[in-house]
Amino acid sequence: QHSFLGHRAIQTASSRPVPNFAFAFDIDGVLLRSSKPIPGAADSLALLKEQGIPFILLTNGGGKHETDRVAEISEKLQVPLDASDIVQSHSPFAELVKGPDEASALEHKCVLVAGGDGDNCRRVAEQYGFKNVVTPGDILMANPAIWPFSKNFSDYYKTFARPLPSPIDPNNPAKSLKIDAVFVFNDPRDWALDTQVIMDLLLSSQGRMGTLSEKNGRTDLPNHGYQQDGQPHLYFSNPDLWWAAAYPLPRLGQGGFREALEGVWAATTGGPSKGIELKKTVIGKPYQPTYEFAEHQLLRNRLKTFGNSTDLPPLERVYMVGDNPESDIRGANSYRSGFGSSWQSILVRTGVYSGGDPAYTPHTIADNVHKGVQWALKSSK
Ligand code: G3P
Ligand code: MG
């Protein structure tokens, strides 16, 4: 009896129609607030798991490997998750290890990784496959004079700094440490040191630490010569100016650091008002590539769960639940899927958004993630 019942139950479970919709959940301000579960979050994910409705976590946060981050969230929200269930701000950077071709692969190039606690982000980059990763802390410990106010922080840096792959030698530029790309993986903890080191690289000749490009300031060159002399490309992983942390008011995020750096760039070079743009790549919500990356992952997970059968219904609707109109709502509203789905945005009141007319209009506003999921399940009937 038991095995028959069990067998039939398995049949029923596997014959349940595959939903043609899914969810994307922002984390900070929706599921967690400063790492504590937000009421209703655990129940919402449990409900979707029980009903076999796919979801992905899509965050501008990061600083740990996907495996470690989902282990934490899984424990806090009592829901089974694996690394493929999350897209963090820096997840897409893993694609740059091999790049589109040999010439652009960064696997063996020397890259600077800034942001996050200690050298957690260096280790994430190494787990992605980057083989030669340097942190601003390594540079500071090898050359304390690079930032005159560093002595207060050297106890912190010496806990994780590693020797540089080559010394910084301004008198011997061809041998001085060369950085080929700069990544900001997570919110910088030391805006001062990170700004100084990144500016050194942006003004350098060929990304050689301790050098200055003669091309800088030459008005006969595009961008007045700035970033025209083999300097490393600058990648940011998260545009958020504000985010919801423990403090009742939103806190400055990685976007705040970028704005500060752009201010130093403008003061140094003349900046955009003189037509001298800081060339950079910024990924993360609300930008199309990050939403594309997330939908791709959602579809791969769906195939893994339901099998690649021809009668697998297409994914038609994705409900994005977020707390930040600028990243979650704007991103979901403007995302144009190449896979045929349409995204609807649900704004919750438990994070950055605290009432009034949001800058970007969601499909609905819900008090919290649980109410948002209920609204979506009703709409998808
Ligand atoms: O650094 C994290 C913050 O920028 C926002 O995270 O999860 O709300 O996208 P999240
Ligand atoms: Mg958020």
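A brief report on the enclosed structure follows. Nothing here was measured: the structure is a model prediction, and the numbers come from that model.

**A few points about the sheet that holds strand E12 (residues 281-282)**
Sheet architecture is open: five strands sit in the order E7-E6-E8-E9-E12, paired in parallel fashion. Each edge of the open sheet carries a strand with a single partner, namely strand E7 (132-134) and E12. Taken together, the three bridges between strand E6 (residues 110-114) and E7 define a ladder with parallel strand orientation. Counterpart to Leu-112 in the pairing with E7 is Val-134. Sheet contacts for helix H7 (residues 191-202): E6, strand E8 (181-184) and strand E9 (233-236); angle to E6, the most-contacted strand, approximately 150 degrees. Against the sheet, helix H8 (residues 254-269) makes contact with E8, E9 and E12, and its axis sits at roughly 150 degrees relative to E9, the strand it touches most.

**Notes on the coordination of the magnesium ion (ligand 2)**
Protein-derived ligands of the magnesium ion (ligand 2) are Asp-26 (OD), Asp-28 (O) and Asp-323 (OD), with the metal-ligand distances lying across 2.0 to 2.1 Å. Binding-site remark: the magnesium ion (ligand 2) is held by donors from one chain whose sequence spacing is D-x1-D-x294-D. Of the two residues, Asp-26 sits in the loop between strand E1 (21-25) and strand E2 (32-33) while Asp-323 sits in the loop between strand E13 (317-322) and helix H10 (325-334), which places them 297 residues apart along the sequence.

**Some points on the pairing of E8**
In summary, the side chains of a regular strand alternate between the two faces of the sheet. Residue alternation in E8 divides its side chains into two sets, Ala-181 and Phe-183 and Val-182 and Val-184, and both sets are buried. Bridging between E6 and E8 involves four bridges; their strand directions are parallel. By the bridge assignment for E8, Ala-114 is matched with Val-184. Bridge count for E8 against E9 is four bridges, and the pairing is parallel. Considered in E9, the bridge of Val-182 is made with Leu-234. Handedness of the β-α-β unit built from E8, H7 and E9 comes out right-handed.

**Thoughts on the sheet that holds strand E4 (residues 55-58)**
Strand pairing in a sheet takes place through backbone hydrogen bonds and is either antiparallel or parallel in direction. Read across the sheet, six strands follow the order E5-E4-E1-E13-E14-E15 without closing on themselves; strand pairing throughout is parallel. At either end of the open sheet lies a strand with only one pairing partner, and these are strand E5 (86-87) and strand E15 (364-366). Helix H11 (residues 369-379) rests against E1, E13, strand E14 (342-348) and E15 of the sheet, and its axis sits at about 160 degrees to E1.

**Remarks on H8**
Residues spaced three or four apart along an α-helix point in a common direction, a consequence of the helix completing one turn every 3.6 residues. With 16 residues, H8 extends 22 Å between its outermost C-alpha atoms, agreeing within 8% with the 22 Å of an ideal straight helix rising 1.5 Å per residue. Residues of H8 that are buried sit in contact with E8, H7, E9, strand E11 (251-252) and E12. Directly beyond the C-terminal end of H8, a positive phi value near 105 degrees is found at Gly-270.

**Comments concerning the site of ligand 1**
For ligand 1, the full set of nearby residues is Asp-26, Ile-27, Asp-28, Thr-59, Asn-60, Gly-61, Asp-187, Asn-238, Asp-240, Trp-243, Lys-285 and Asp-323. Asp-26 is positioned such that a nitrogen or oxygen atom in its side chain is 2.8 Å from an oxygen atom of ligand 1. Take Asp-28: an N or O atom from its main chain is 2.9 Å from an oxygen atom of ligand 1. About the coverage of ligand 1: the protein hides 95% of its 310 Å² of free accessible area. Looking at the shell around ligand 1 residue by residue, the class counts come to two nonpolar, four polar and six charged.

**With respect to a nonpolar patch on the surface**
On the surface, a cluster of nonpolar side chains totalling about 280 Å² of accessible area is made up of Leu-241, Trp-242 and Leu-252. Residue Trp-242 is classed as partly exposed on the basis of its relative accessible area of 41%.

**Observations regarding the pattern of salt bridges**
What the rule picks out here adds up to 19 salt bridges. A salt bridge links Asp-180 to Lys-178; its shortest N-O distance comes to 3.2 Å. Look at Asp-180 and you get partly exposed, because its relative accessible area is 24%. Using a relative accessible area of 26% as the deciding quantity, one classes Lys-178 as partly exposed. Between Lys-285 and Asp-328 there is a salt bridge, with the nearest N and O atoms lying 2.7 Å from each other. Within this pair, whereas Lys-285 is found in the loop between E12 and helix H9 (288-306), its partner Asp-328 is found in helix H10, the two being separated by 43 residues in sequence. A residue is classified by how much of its surface remains accessible, and Lys-285, at 1% relative accessible area, is buried. Linked by salt bridges that have partners in common, Asp-119, Arg-122, Arg-123 and Asp-138 make up one network.

**Notes on the state of the cysteines**
What the rule picks out here adds up to zero disulfides. Here Cys-121 stays free of any disulfide, with the sulfur of Cys-110 as its closest cysteine sulfur at 16 Å.

The rules behind the values
- Counting restarts for each chain, with residues numbered from 1 along the sequence as it is written.
- For naming, the first written chain is A and the first written ligand is 1, with later ones following in the order written.
- Two thresholds apply to this predicted model, a pLDDT of at least 70 for residue-level local features and 80 or more for giving and counting side-chain atom pairs, whereas whole-chain, interface and lining totals are computed over all residues.
- Hydrogen atoms and water are omitted, and side-chain values are computed over all heavy atoms in the structure.
- For two strands to pair, DSSP has to find at least two bridges joining them.
- Under the scheme used here, helices are H or I runs from DSSP no shorter than 4 residues and strands are E runs no shorter than 2 residues, and both carry numbers assigned from the N terminus.
- Residues are treated as being in contact if the distance between any of their heavy atoms lies within 4.5 Å.
- For every element, the axis is a line fit to its C-alpha atoms; helices are fit only across the contacting stretch, and the angle between N-to-C directions ranges from 0 to 180 degrees.
- Only N, O and S atoms count as donors, using a 2.8 Å limit from the metal and a wider 3.2 Å limit for Na, K and Ca, and since water is excluded some coordination spheres may look unfilled.
- Any residue under 20% of the maximum accessible area for its type is buried, any over 50% is exposed, and the rest in between are partly exposed; the area is computed with a 1.4 Å probe on protein chains only.
- When the strands point away from the viewer and the path from the first strand over the helix to the second turns clockwise, the crossover is right-handed.
- Take the residue count of a helix, subtract one, and multiply by 1.5 Å to get its expected span.
- Consider each residue's heavy atoms; a residue with any of them within 4 Å of a molecule or strand counts as near.
- For this analysis, a polar contact is any N or O atom pair within 3.5 Å, provided that within protein one partner can donate a hydrogen and the other can accept it, and provided that sequence-adjacent residues contribute only side-chain to side-chain pairs.
- For accessible areas, the Shrake-Rupley method is used with a probe of radius 1.4 Å. Any residue's cover is judged against the shown protein chains and nothing else.
- Think of it as three bins: nonpolar holds Ala, Val, Leu, Ile, Met, Phe, Trp, Tyr, Cys and Pro, charged holds Asp, Glu, Lys and Arg, and polar takes everything else, Gly as well.
- The patches reported here contain residues having more than 30% relative accessible area and no salt bridge. Joining distances are 9 Å for like charges and 5 Å for nonpolar side chains (Val, Leu, Ile, Met, Phe, Trp, Tyr).
- Salt bridges are defined by distance alone: a side-chain nitrogen of Lys or Arg within 4 Å of a carboxyl oxygen of Asp or Glu.
- Cysteine sulfur atoms are paired as a disulfide whenever they fall within 2.5 Å.

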